[in-house]
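What follows is the residue order along each chain.
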Amino acid sequence: MATRTDAPTRREQILREAARLFAERGFHGVGVDEIGAAVGISGPGLYRHFAGKDAMLAELLVGISGQLLTGAKRRLAEAGGEAPEAVLDSLIEGHIDFALDDRPLITLHDRELDRLRDSDRKLVRQLQRQYVELWVGVVRRLHPSLAEPSARAAVHSVFGLLNSTPHLGRPGRAVTAELLHRMARGAFAAAGEG
């Protein structure tokens, strides 16, 4: 959602507001009338765009997992033969953009993933595993002596660090992004020393 530069569609507006409201009050704490009011349409008008709240939640969580994977693949393709340090920096920057610009989706994932239908939850997990594996490959290129399970654990740990943004204050985006980047690189360097 954060990567678009043109005006958001009505559907995107609905999803953005649904994510914000679900993150603030929980999935069951928000009705379709409230989501509709947040975007200036009636609650029943939402049904022209979505089958219901469950469909919104699925699109939000499957959608962001797919976007992260697509973005990482694009960054790897653009990096071509660059040094692993530059590729890792690019991946970190992309995840930081997500973590700072789409904070409600992190909260939503943490709280509401289990509410998805089994098929949607499995798809989210499949996309996430592919995303992790892209990172593991880059980390192992940078730190060849790091065993695959350790590299995977390091990637998950860095995601935990970067995805802590809903709990952070707002010292400023640039300051926070730079700090998160340094900390992520430091975590990977520490893992590579083991």
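As the structure is a computational prediction, the values presented were derived from the model and not from experiment.

## Focus on helix α5 (residues 103-112)
Within α5, seven of the 10 residues are buried, which leaves it mostly tucked inside the rest of the structure. Those residues of α5 lying buried are Arg103, Leu105, Ile106, Thr107, Leu108, His109 and Glu112. Tucked into the core, α5 has its buried residues touching α1 (10-25), α3 (53-79), α4 (84-101) and α6 (118-142).

## Thoughts on the pattern of salt bridges
Tallying each qualifying case throughout the model produces 16 salt bridges. Two residues, arginine 173 and aspartate 101, come together in a salt bridge whose shortest N-O distance is 3.0 Å. Here arginine 173, found in helix α8 (residues 173-193), pairs with aspartate 101, found in helix α4; they are 72 residues apart in sequence, far enough to count as distant. Residue classification places aspartate 101 among the partly exposed positions, given a relative accessible area of 37%. The closest approach of N and O atoms between arginine 140 and glutamate 148, which form a salt bridge, is 3.6 Å. Here arginine 140 falls in the partly exposed class, since its relative accessible area comes to 31%. Taken together, the shared-partner salt bridges in this structure form one network comprising Arg75, Asp97, Asp101 and Arg173.

## Focus: the packing of α1 against α3
Closest axis-to-axis distance for the α1/α3 pair is 10 Å, and the angle between their directions is 95°. Viewed along their axes, α1 and α3 adopt a mutual orientation that is roughly perpendicular. For the pair formed by α1 and α3, the contact residues are Arg11, Ile14, Leu15, Ala18, Ala19 and Phe22 on the first element and Lys53, Met56, Leu57, Glu59 and Leu60 on the second. Residues of the contact of α1 with α3, tallied by class, amount to eight nonpolar, no polar and three charged.

## Quick look at the packing of aromatic side chains
Counting across every chain of the model gives five aromatic pairs. Each ring, one from tryptophan 135 and one from phenylalanine 188, has its centre 6.3 Å from the other, and the planes form 40°; the classification is tilted. With tryptophan 135 in helix α6 and phenylalanine 188 in helix α8, this residue pair connects regions lying 53 residues apart in the sequence. Directly above the ring of phenylalanine 50 sits arginine 11, whose terminal nitrogen or CZ lies 4.1 Å from the centroid. The ring of phenylalanine 27 has lysine 53 sitting right over it, with the charged end atom 4.5 Å from the ring centre.

## Quick notes on the side chain of histidine 95
By the element assignment, histidine 95 lies in helix α4. With near-sequence residues (within four places) excluded, histidine 95 lies in contact with Leu68, Tyr131, Trp135, Phe159, Leu162 and Asn163.

## So, the nonpolar core
Residues Phe22, Ile35, Met56, Trp135 and Phe188 are the most contacted members of the largest nonpolar core, which totals 58 residues. Residue assignment for this core shows that the elements contributing at least two residues are α1, α2 (32-39), α3, α4, α5, α6, α7 (148-162) and α8. In this structure, methionine 56 is in contact with Ile14, Leu15, Ala18, Phe22, Ile35, Leu46 and Phe50, ignoring residues within four places of it in sequence.

## What about the environment of histidine 181?
Inspection of the secondary structure puts histidine 181 in helix α8. Its relative accessible area of 17% is what places histidine 181 among the buried residues. In this structure, the C-alpha to C-alpha distance between histidine 181 and glutamate 12, residues 169 residues apart in sequence, is 29 Å. Excluding residues that lie within four positions of it along the chain, histidine 181 makes contacts with Asp89, Ile92, Glu93 and Ile96.

Reading the values: rules and limits
Residues numbered from 1 in each chain as written. Predicted model: local features only at pLDDT ≥ 70, side-chain atom pairs only at ≥ 80, totals over all residues. Heavy atoms only, no water. Buried < 20%, exposed > 50% of the residue type's maximum accessible area, 1.4 Å probe, protein only. Helix = DSSP H or I, 4+ residues; strand = E, 2+ residues; numbered from the N terminus. Contact = heavy atoms within 4.5 Å. Salt bridge = Lys/Arg side-chain N within 4 Å of Asp/Glu carboxyl O. Axes fitted to C-alpha atoms, helices over the stretch in contact; angles between N-to-C directions. Parallel < 35°, antiparallel > 145°, perpendicular 65-115°, else oblique. Nonpolar A, V, L, I, M, F, W, Y, C, P; charged D, E, K, R; others polar. Phe/Tyr/Trp six-rings, centres within 6.5 Å; stacked < 30°, edge-to-face > 60°. Lys NZ or Arg CZ within 6 Å of the ring centre and 35° of its normal. Core = buried A, V, L, I, M, F, W, Y, C linked by side-chain atoms within 4.5 Å.

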